[in-house]
Amino acid sequence: MSKSILIIEDEISIAENLAYALGTDGFMPTHVSLGQQALSMLRQASITPALIVLDIGLPDINGFDVCRQLRQFSDTPVLFLTARNDEIDRIVGLEIGADDYVTKPFSPREVVARIRAILRRQQGNPQTNMGPAKRFELRQDEARILYYGHALNLTRYEYLLLKTLVERPGHLFSRAQLMEIVWTNAPETLERTVDAHIKSLRAKLRQTRLGSHDAADAQLTDSSDEGIQTHRGMGYSLSLA
Ligand code: CA
């Protein structure tokens, strides 16, 4: 049975584009323009979506309030749509229980990929949450990450950096965001610190994948990015493939 997705968005063209992309991808989209209307439908369970796409700038109540009220009676995953490209939105959004957020303008296909990633994560075993394409296995209790079944020998920052990427496959993190999430207590961090750690991470992943004991050797023989994509001038993401 196809999963239903509730779109709460007052801009009709955005909602229609997204509904179209979801429909062609096998989902069953429903669209509502007002926050209160959506909340009452959800409270009465007249609609039981697998996931909610929620615009922050709604005409009646804002998306943050919709999410706060929703969280009092439902754990349905929420993906925020925001027009404001600022950090506060992201942090507030994640703190009040959203699962991810997308900044407008966005590609509907990217949003569908994010939705798939959230639903996959939700289905995954919470103890050992397997990453995209089962390459990564995150064992939070042990502060350990397995790559193709092999435990990685990572420094604290390499671990936190990879964990951040693995937890949200397909999500594009800017260097500034990674610095804020990973290097929380290190005010001296520079953007190139992130680049340096990505480089050492890729080398360790490559080394593990190739079963080589020599990281330099692994670097010479193979230039694969190990699924950590560089978005020029923007940041990094873990590929969904
Ligand atoms: Ca809006």
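The structure presented is a predicted model; accordingly, all values stated were derived computationally and were not measured.

Asker: Describe the overall build of the protein chain, with residues and values.
Answerer: Within the protein chain one finds nine helices and 12 strands. The proportion of buried residues among the 241 residues of the protein chain is 45%. Put simply, 58% of the contacts in the protein chain that link residues at least 6 apart link residues at least 24 apart. A total accessible area of about 12300 Å² is found for the protein chain, and carbon and sulfur atoms account for 50% of it.

Asker: Quick one: what's the story with the coordination of the calcium ion, residue by residue and with numbers?
Answerer: Coordination sphere of the calcium ion, protein contribution only: D10 (OD), D55 (OD) and G57 (O), at 2.2 to 2.4 Å. On the primary sequence, the residues serving as donors to the calcium ion are separated as D-x44-D-x1-G. Highlighted residues: D10 in the loop between β1 (4-8) and α1 (12-24) and D55 in strand β3 (residues 51-55), separated in sequence by 45 residues.

Asker: Go over the nonpolar core, please, and point to the residues and values.
Answerer: Counting 23 residues, the largest nonpolar core has F136, I145, L162 and I228 as the members making the most contacts within it. When neighbours within four sequence positions are excluded, I145 is seen to be in contact with F136, E137, L138, H150, A151, L152, L154, Y159, L162 and K163. Grouped together as the second largest cluster of nonpolar side chains are 21 residues, I56, V66, L70 and A98 included.

Asker: So what's going on with the pairing of strand β4 (residues 78-82)? Residues and values would help.
Answerer: With respect to burial, β4 is a largely interior element, five of its five residues being buried. Side chains V78, F80 and T82 project from β4 onto one buried face, and the interleaved L79 and L81 project onto a second face that is buried too. Strand direction decides the pairing type here: β3 and β4, joined by four bridges, are parallel. Bridge pairing in β4 places L54 opposite F80.

Asker: Any chance you could break down the confidence of the model for the protein chain for me, citing the residues and the numbers?
Answerer: Overall, the prediction assigns the protein chain a mean pLDDT of 84, with 84% of residues at 70 or greater. Of the regions scoring below 50 in pLDDT, residues 125-131 engages in 14 contacts with residues more than four places distant in sequence or in other chains.

Asker: For the sheet that holds strand β10 (residues 173-174), give the residues involved together with the corresponding values.
Answerer: Here three strands make up an open sheet; going across it, the order is β10-β12-β11 and the pairing antiparallel. Both outer strands of the open sheet, β10 and β11 (228-231), are each paired with one neighbouring strand and no more. Two strands pair when backbone bridges link them, and β11 and strand β12 (residues 235-238) are joined in this way by four bridges, in the antiparallel orientation. When the sheet's bridge partners are listed, Q229 is paired in β12 with S237. The sheet strands contacting helix α6 (residues 156-167) are β10, β11 and β12, and the helix crosses β12 at an angle near 65°.

Asker: Can you explain the sheet that holds β3? Please cite residues and give values.
Answerer: Across the sheet, which stays open at both edges, the five strands sit in the order β2-β1-β3-β4-β5 with parallel pairing between neighbours. The strands lining the two open edges of the sheet, one partner per strand, are β2 (28-32) and β5 (100-103). Each strand of the sheet is rotated relative to its neighbour by a mean of 20°, with strand direction disregarded. Pairing of β1 with β3 involves four bridges; the strand directions are parallel. Residue I7 lies in a different strand from β3, and its bridge partner there is V53.

Asker: Explain the pattern of salt bridges residue by residue, including any values.
Answerer: Here the structure, examined in full by the defined rule, presents 17 salt bridges. Of the charged contacts, one joins R116 and D25 as a salt bridge, the two residues approaching to 2.8 Å between their closest N and O atoms. In this pair, R116 is assigned in helix α5 (residues 108-123) and D25 in the loop between α1 and β2, connecting sequence segments 91 residues apart. Note that D100 and R168 form a salt bridge whose closest N and O atoms lie 2.4 Å from each other. With a gap of 68 residues between them, D100 in strand β5 and R168 in the loop between α6 and β10 connect regions that are remote in the sequence. The exposure class assigned to R168 is buried, which follows from its relative accessible area of 11%. Among the ionic contacts, a cluster of salt bridges with common partners joins E9, E11, D55 and K104.

Asker: Break down the environment of D195 for me, with residues and values.
Answerer: Mapped onto the fold, D195 is located in helix α8 (residues 191-210). Between the alpha carbons of D195 and R175 there is a distance of 8.2 Å; along the sequence they are 20 residues apart. Once you skip the residues sitting within four places of it in the chain, D195 turns out to touch R175 and Y236. One polar contact links D195 to Y236, side chain to side chain, over a distance of 2.6 Å.

Rules and cut-offs
Residues numbered from 1 in each chain as written. Predicted model: local features only at pLDDT ≥ 70, side-chain atom pairs only at ≥ 80, totals over all residues. Heavy atoms only, no water. Helix = DSSP H or I, 4+ residues; strand = E, 2+ residues; numbered from the N terminus. Buried < 20%, exposed > 50% of the residue type's maximum accessible area, 1.4 Å probe, protein only. Contact = heavy atoms within 4.5 Å. Areas by Shrake-Rupley, 256 points an atom, 1.4 Å probe, with all protein chains shown as cover. Donors = N, O, S within 2.8 Å, 3.2 Å for Na, K, Ca; no water. Core = buried A, V, L, I, M, F, W, Y, C linked by side-chain atoms within 4.5 Å. Pairing = 2+ DSSP bridges. pLDDT = per-residue confidence, 0-100. Axes fitted to C-alpha atoms, helices over the stretch in contact; angles between N-to-C directions. Salt bridge = Lys/Arg side-chain N within 4 Å of Asp/Glu carboxyl O. Polar contact = N/O pair within 3.5 Å; in protein donor to acceptor, adjacent residues only side chain to side chain.

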